[in-house]
Amino acid sequence: MGKVYVLDHPLIQHKLTYIRDKNTGTKEFRELVDEVAMLMAFEITRNLPLAETTINTPVVETKAKVLAGKKIGLVPILRAGLGMVDGMLKLIPAARVGHVGLYRDPETLEPVEYYIKLPKDISERELIVIDPMLATGGSANDAIHSLKKRGAKQIRLMCLIAAPEGVEKIQEAHPDVDIYLAALDEKLDDHAYIIPGLGDAGDRLFGTK
Ligand code: PRP
Ligand code: URA
């Protein structure tokens, strides 16, 4: 079964509180999501492999570590996942970015895929699927299925907030996928919104409500 990591760094938790607050406006919300995504990228890249190289400091030749050049792909789920891309690219600037467009049908709550564009070599990349919200898990589940169907072999999922229902769904459907969260919340309400959550992530990011 995939592991669940809640990234409880104090800076992440502090910023997440203001992201949740309904009095936080669009500009500040966007900035905070960007910052938290960057901090989460720092945590999620903790295990990247290193290689040894030889360099000259001004005083001596020495061996030193550099990233071994693991290929990473970020895959935001549109729309709200876009809000986390730039923050992550600040730390992983060489990552390629694919996009999966999904929205949740408000009646059926089922995800509907309307767009997909991925780097050609996804089977060689470690992919990080990004979405602020993991509610029923339908959207992330669908996105991960789409990626696997197209050859993806190594996938991790990164979200700001998840409901236990969404985590369970991903763990059942994709036991090979580890999940990274800033918070694991209590439950879903009758409209499949996360409680306490932050409301509609896409609308708050883009000011569409
Ligand atoms: C939101 C959110 C996730 C999805 C989570 O997207 O960004 O993609 O809901 O819910 P689920 O786990 O129950 O599938 P939404 O459908 O509102 O689309 P948007 O990002 O375009 O606003
Ligand atoms: N999508 C959101 O944007 N928020 C939720 O709480 C659930 C799904």
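If you're wondering where the values come from, they're calculated on a predicted model, not measured in any experiment.

Cut-off values and rules
- Residues numbered from 1 in each chain as written.
- Chains lettered and ligands numbered in written order.
- Predicted model: local features only at pLDDT ≥ 70, side-chain atom pairs only at ≥ 80, totals over all residues.
- Heavy atoms only, no water.
- Near = heavy atom within 4 Å.
- Polar contact = N/O pair within 3.5 Å; in protein donor to acceptor, adjacent residues only side chain to side chain.
- Areas by Shrake-Rupley, 256 points an atom, 1.4 Å probe, with all protein chains shown as cover.
- Nonpolar A, V, L, I, M, F, W, Y, C, P; charged D, E, K, R; others polar.
- Axes fitted to C-alpha atoms, helices over the stretch in contact; angles between N-to-C directions.
- Helix = DSSP H or I, 4+ residues; strand = E, 2+ residues; numbered from the N terminus.
- Parallel < 35°, antiparallel > 145°, perpendicular 65-115°, else oblique.
- Left-handed = near helix turned anticlockwise from the far one by under 90°.
- Contact = heavy atoms within 4.5 Å.
- Core = buried A, V, L, I, M, F, W, Y, C linked by side-chain atoms within 4.5 Å.
- Buried < 20%, exposed > 50% of the residue type's maximum accessible area, 1.4 Å probe, protein only.
- Arc of directions from axis to C-beta.
- UniProt positions renumbered as here; feature names shortened; annotations may be inferred.
- pLDDT = per-residue confidence, 0-100.
- Patch = residues over 30% accessible without salt bridge, like charges linked within 9 Å, V, L, I, M, F, W, Y side chains within 5 Å.
- Salt bridge = Lys/Arg side-chain N within 4 Å of Asp/Glu carboxyl O.

1. What to know about the site of ligand 2
Part 1 of the reasoning: Near ligand 2 the following residues occur: R104, M133, A135, A192, Y193, I194, G199, D200 and A201.
Part 2 of the reasoning: I194 has a polar backbone atom sitting 2.8 Å from an oxygen atom of ligand 2.
Part 3 of the reasoning: Burial of ligand 2 by the protein amounts to 88% of the accessible area it has alone, namely 240 Å².
Part 4 of the reasoning: Partitioned by chemical class, the residues of the shell around ligand 2 number 6 nonpolar, 1 polar and 2 charged.

2. Topic: the packing of helix α1 (residues 10–20) against helix α2 (residues 26–44)
Part 1 of the reasoning: Close contact between α1 and α2 brings their axes to 9 Å; oriented N to C, the two are set at 155 degrees. Between α1 and α2, the angle is such that the two are roughly antiparallel. Handedness of the α1/α2 crossing: left-handed. Mapping the contact onto sequence places L11, I12, K15, L16, Y18 and I19 in α1 and F29, L32, V33, E35, V36, L39, M40 and E43 in α2.

3. A closer look at the nonpolar core
Across soluble globular proteins, nonpolar side chains have a tendency to be buried as a group.
Part 1 of the reasoning: Counting residues in hydrophobic clusters, the biggest one holds 38 residues, and the most contacted among them are I19, M40, M88 and L160.
Part 2 of the reasoning: Where this core is concerned, the elements lending two or more residues are α1, α2, β4 (72–78), α3 (85–91), β8 (126–130), β10 (154–162), β11 (178–184) and α6 (201–206).
Part 3 of the reasoning: The biggest single contributor to this core is α2, with 9 residues.
Part 4 of the reasoning: Among all residues touching I19, those that are not within four sequence positions of it are F29, L32, V33, V36, L160, L198 and R204.

4. Regarding helix α5 (residues 164–173)
Part 1 of the reasoning: Among the residues of α5, G166, V167, I170 and Q171 are the ones counted as buried. Along the long axis of α5, the arc covered by the buried residues comes to 130 degrees, so they all point the same way.
Part 2 of the reasoning: Residues of α5 that are buried make contact with β1 (4–6), β9 (133–134), α4 (138–149), β10 and β11.

5. Some thoughts on unusual backbone geometry
Part 1 of the reasoning: Looking along the chain, the bond that leaves L78 and enters R79 is cis, with omega of 0 degrees.
Part 2 of the reasoning: Tracing the backbone through its elements, the reader meets R79 in the loop between β4 and α3.
Part 3 of the reasoning: Phi at L109 is positive, roughly 65 degrees, even though this residue is not glycine.
Part 4 of the reasoning: Tracing the chain through its elements places L109 in the loop between β6 (99–104) and β7 (111–117).
Part 5 of the reasoning: The partly exposed category is assigned to L109, whose relative accessible area is 26%.
Part 6 of the reasoning: Despite not being glycine, A192 shows a phi value in the positive range, around 60 degrees.
Part 7 of the reasoning: Take A192: its relative accessible area is 5%, and that puts it in the buried class.

6. Looking at the site of ligand 1
Part 1 of the reasoning: The local shell around ligand 1 holds 14 residues, among which R104, D131, T136, G137 and S139 are the closest.
Part 2 of the reasoning: A distance of 2.8 Å separates an oxygen atom of ligand 1 from a polar atom in the backbone of G137.
Part 3 of the reasoning: In isolation ligand 1 exposes 500 Å². Once the protein is present, 90% of that is buried.
Part 4 of the reasoning: Mapped by element, the contributors of at least two residues to the shell around ligand 1 are β6, β9 and α4.
Part 5 of the reasoning: By residue class, the composition of the shell around ligand 1 is 6 nonpolar, 5 polar and 3 charged.

7. Side note on the UniProt feature "domain: Phosphoribosyltransferase" (unreviewed entry) in the protein chain
Part 1 of the reasoning: The UniProt record annotates "domain: Phosphoribosyltransferase" (unreviewed entry) at residues 6–208.
Part 2 of the reasoning: The span residues 6–208 is 32% helix and 32% strand, and its two end C-alpha atoms sit 29 Å from each other.

8. Focus on the confidence of the model for the protein chain
Part 1 of the reasoning: With 100% of its residues at a pLDDT of 70 or more, the protein chain shows a mean pLDDT of 96.
Part 2 of the reasoning: The ipTM, which scores confidence in the relative placement of chains, is 0.98 for this predicted complex, and the corresponding pTM is 0.95.

9. Overview of a nonpolar patch on the surface
Part 1 of the reasoning: Side chains of V4, V6 and L184 sit close together on the surface and give an oily, nonpolar patch of about 210 Å² of accessible area.
Part 2 of the reasoning: On the secondary structure map, V4 appears in strand β1.
Part 3 of the reasoning: The class for V4 is partly exposed, based on a relative accessible area of 31%.

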